[in-house]
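# Structure at a glance
As a plain string of letters, each chain reads:
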Amino acid sequence: MGYYVSVEAGVKVYVEDINPRGSRTVVFLHGWPLSHKQFEYQFDVLPAMGYRCVGIDWRGFGKSDKPLHGYNYDRLADDIRCVVGALRLDNFILAGHSTGGAIAIRYMSRHSGYGVSKLVLIDAAAPTGFTPETAESLLTEARNDRPKMMQTVTDTFFFQYVTRPFSDWFLQLGLKAAGWSTAAVIVLLRDAKLHADLPKILVPTLLIHGVHDKVIPFAQALEMHRTIRNSTLVPFQYSGHGPFWEERHRFNKVISEFIG
């Protein structure tokens, strides 16, 4: 089922809630500039295994409202806290991919991991995001030819071969975002750092990262593994930035085993 949660005056975010009566709840935070729909191949499998899956579109992306403001880690983490409160979630697993992983990290530090029993970081954009060179290139394309920018993102995202229909579908996920929110998060990924947040993560943490990731280098997963206490790093040898699709069967198995 899908519905909207108000996170501040005039701003609502979209929530997809699959199998609300499931035994364990997993909250998924998508990557930039996508939406909860990127986790289709998890939502097809995990609820059938008895899990409740909650997918949140951040403000500015997917089906959520698209205000001009609020594109910083504190506000995005506060939005997640509003959803957690509205759904009365507790003892849940928080799983974030790429920038969604960065938002999850800020949620853990800013809100003391409220309600979270375990954390999953998937090719997380942490402790740093884009290099200045990458950010400037993406900003130029976002402000002048956003479809071309999204094609560039798609072309560098995966290590494994993707079909043209899949590439077209993936590209359209990114174009559902607003232009201003797309650009604002590029700036966020360029300027914000999360080094100070990592030691504040106290729950068991699973790090999943594609060895061939061209967006967020595997070296950053190694750095997070050294810094986050009680963390486990699982390299995905045949993935780039998208192990949730590139090695989806193994990905779902690793996550379900971690959830318990």
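Our structure is the block above this text.
Keep in mind that what you see is a predicted model, and the values were worked out from it rather than measured.

### As for the overall build of the chain
Each helix and strand in the chain was counted, giving 10 helices and 8 strands. On the principal axes, the C-alpha backbone points of the chain span a range of 45 × 45 × 40 Å. In the chain, of all internal contacts separated by at least 6 residues, the share reaching a separation of at least 24 is 76%. Of the accessible surface of the chain, which amounts to about 10400 Å², a share of 54% is contributed by carbon and sulfur atoms.

### Describing the packing of aromatic side chains
Ring pairs (aromatic) are described by centroid distance and by the angle formed between their planes. Tallying each qualifying case throughout the model produces 17 aromatic pairs. On the basis of an interplanar angle of 75° and a centroid distance of 5.6 Å, the ring pair of Phe158 and Phe166 is categorised as edge-to-face. Side by side, Phe158 and Phe166 carry an identical accessibility label, which is buried. Here Phe166 and Trp169 contribute two aromatic rings whose centre-to-centre distance is 5.3 Å and whose plane-to-plane angle is 55°, an arrangement assigned as tilted. Here Trp169 and Phe166 lie together in helix α6 (residues 164-175), a separation of 3 residues that amounts to about one turn. In this structure Trp169 comes out as partly exposed when scored by relative accessible area, which is 26%. Put simply, the rings of Phe28, Phe39, Phe43, Phe157, Phe158, Phe166, Trp169, Phe170, Phe244 and Trp245 touch in pairs and so form one group of aromatic residues. The positively charged end of Lys118 is found above the aromatic ring belonging to Phe258, 5.0 Å away from the centroid.

### Things to note about helix α4 (residues 132-144)
For α4, spanning 13 residues, the distance from its first C-alpha to its last is 18 Å, which sits close to the expected 18 Å at 1.5 Å a residue. Taken as a whole, α4 has its buried residues at Ala135, Leu138, Leu139, Glu141 and Ala142. Elements that come into contact with the buried residues of α4 comprise α5 (146-157) and α7 (179-191).

### Considerations on the sheet that holds strand β2 (residues 11-18)
Reading across the sheet, the 8 strands line up as β1-β2-β4-β3-β5-β6-β7-β8 and stay open at both edges, with mixed pairing between neighbours. Every interior strand has two partners, whereas the edge strands, β1 (2-8) and β8 (231-236), have only one. Strand-to-strand, the axes of this sheet are offset by a mean angle of 20°, without reference to chain direction. The pairing of β2 with strand β4 (residues 52-56) spans 4 bridges and is antiparallel.

### Describing the pairing of β2
Buried residues dominate β2, accounting for 6 of its 8 residues. Sheet analysis places β1 next to β2, joined by 6 bridges and oriented antiparallel. Paired with Ser6 across the bridge in β2 is Lys12.

### With respect to helix α2 (residues 73-87)
A rise of 1.5 Å per residue sets the reference length of α2, with its 15 residues, at 21 Å; its end C-alpha atoms lie 21 Å apart and thus fit the reference within 8%. Where α2 begins, the capping side chain belongs to Asn72, and its oxygen is found 3.2 Å from the backbone nitrogen of Asp74. Of the residues trailing α2, Arg88 is marked for its positive phi of about 55°.

### Details of the environment of Pro127
Position of Pro127 relative to the elements: it lies in the loop between β6 (116-122) and α4. Sequence separation between Pro127 and Leu189 is 62 residues, and the spatial gap between their C-alpha atoms is 10 Å. Setting aside its immediate chain neighbours within four residues, Pro127 contacts Ala192, Lys193, Leu194, His195, Leu198, Gln220, Glu223 and Met224.

About the thresholds
Residues numbered from 1 in each chain as written. Predicted model: local features only at pLDDT ≥ 70, side-chain atom pairs only at ≥ 80, totals over all residues. Heavy atoms only, no water. Helix = DSSP H or I, 4+ residues; strand = E, 2+ residues; numbered from the N terminus. Contact = heavy atoms within 4.5 Å. Areas by Shrake-Rupley, 256 points an atom, 1.4 Å probe, with all protein chains shown as cover. Phe/Tyr/Trp six-rings, centres within 6.5 Å; stacked < 30°, edge-to-face > 60°. Buried < 20%, exposed > 50% of the residue type's maximum accessible area, 1.4 Å probe, protein only. Lys NZ or Arg CZ within 6 Å of the ring centre and 35° of its normal. Expected span 1.5 Å × (residues − 1). Pairing = 2+ DSSP bridges. Axes fitted to C-alpha atoms, helices over the stretch in contact; angles between N-to-C directions. Polar contact = N/O pair within 3.5 Å; in protein donor to acceptor, adjacent residues only side chain to side chain.

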